[in-house]
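# Report on the structure
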Amino acid sequence: MSGPASGLEIAMEPYERLLYASRIAAKASHDVGGCLVWHAAVVVSGAGERRPVMRMHGRQVKAYRVVAACVAGRLDAGMVVSHLCDNPMCVRPSHLKVSTQGWNMADMDTKGRRGRTAFGGKMSKADVEKLYGMIDGGMSQRQAAAAMGVSQPAVCRWVRTRKHTPACARDK
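Residues numbered from 1 in each chain as written. Predicted model: local features only at pLDDT ≥ 70, side-chain atom pairs only at ≥ 80, totals over all residues. Heavy atoms only, no water.

### Looking at the overall build of the chain
Secondary structure assignment for the chain yields seven helices and nine strands. The buried share of the chain, taken over its 172 residues, is 37%. For the chain, restricting intrachain contacts to residue pairs at least 6 apart in sequence, the fraction spanning at least 24 positions comes to 53%. In the form shown here, the chain has an accessible surface area of approximately 9600 Å², with 54% of it arising from carbon and sulfur atoms. (Helix = DSSP H or I, 4+ residues; strand = E, 2+ residues; numbered from the N terminus. Buried < 20%, exposed > 50% of the residue type's maximum accessible area, 1.4 Å probe, protein only. Contact = heavy atoms within 4.5 Å. Areas by Shrake-Rupley, 256 points an atom, 1.4 Å probe, with all protein chains shown as cover.)

### Brief notes about the packing of aromatic side chains
Aromatic rings in a pair are described by how distant their centres are and how their planes are angled relative to each other. Under the criterion given, the structure shown has zero aromatic pairs. Positioned over the ring face of Y20 is R23, at 5.1 Å from the centre of the ring. (Phe/Tyr/Trp six-rings, centres within 6.5 Å; stacked < 30°, edge-to-face > 60°. Lys NZ or Arg CZ within 6 Å of the ring centre and 35° of its normal.)

### With respect to the packing of helix α1 (residues 14–26) against helix α2 (residues 63–72)
It is at 9 Å that the axes of α1 and α2 come closest, and there the two elements cross at 140°. Classified by the angle their axes make, α1 and α2 are oblique. With respect to the hand of their crossing, α1 and α2 are arranged in left-handed fashion. The residues of α2 that touch α1, namely those facing R17, Y20, A21 and I24, are A63, V66, V67, A69, C70, V71 and A72. (Axes fitted to C-alpha atoms, helices over the stretch in contact; angles between N-to-C directions. Parallel < 35°, antiparallel > 145°, perpendicular 65-115°, else oblique. Left-handed = near helix turned anticlockwise from the far one by under 90°.)

### A look at the confidence of the model for the chain
With 80% of its residues at a pLDDT of at least 70, the chain reaches an overall mean of 79. Here helix α7 (residues 167–170) stands out as the least confident element of the chain, with mean pLDDT 41; strand β3 (residues 36–38) is the most confident, with 92. (pLDDT = per-residue confidence, 0-100.)

### A few points about the pattern of salt bridges
All told, the structure shown has one salt bridge when counted by the stated rule. Taking the shortest distance from any N to any O, the salt bridge between D76 and R74 comes out at 2.9 Å. (Salt bridge = Lys/Arg side-chain N within 4 Å of Asp/Glu carboxyl O.)

### Here's the deal with unusual backbone geometry
Despite not being glycine, H57 has its phi angle at roughly 55°, a positive value. Relative to the helices and strands, H57 is located in the loop between β5 (50–56) and β6 (59–62). The exposed category is assigned to H57, whose relative accessible area is 56%. Unlike most non-glycine residues, D86 shows phi in positive territory, near 65°. Its place among the elements puts D86 in the loop between β8 (80–83) and β9 (96–99). Take D86: its relative accessible area is 33%, and that puts it in the partly exposed class.

### A closer look at the pairing of β8
A regular strand places its side chains on the two faces of the sheet in alternate fashion. Side chains of β8 alternate between two faces, with V80 and S82 and V81 and H83 buried alike. Strand direction decides the pairing type here: β8 and β9, joined by four bridges, are antiparallel. Note that in β9 the partner of V81 across the bridge is V98. (Pairing = 2+ DSSP bridges.)

Have a look at this one:
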């Protein structure tokens, strides 16, 4: 099965909006921070980030995209749903904003959530350099992943791209 459809257009008739709103409400609960937290199916990325998902028209879709479509009636392809509360498991409509990826990145910069750490916040840039040293020293990706507390697929992706390593360090 492929991952959740995130950039697809979602258009809903009024009866579908009510149907999906009731399904979402049954799978979420309030927390002390005011968020409506999803407690059903999730997808986990290689970096360990969890995102709420649900089935819609035979496809796996991120639940907060369905919420945004329920509120607006449609969600155009290419638009992202930003979490104003910075909680990716939140599906409360007032905590979500339909925006562009550029607006979302600017919001992250304003809040200091981008550039602080590498790879989804799991490791600092110093940790990444340590990881690259382990791999360059002959350690397997699985061993390096276990030592750093991350998944092997994530290590594979990081080693393949090495986008957080200075060019001089890549040329060793």
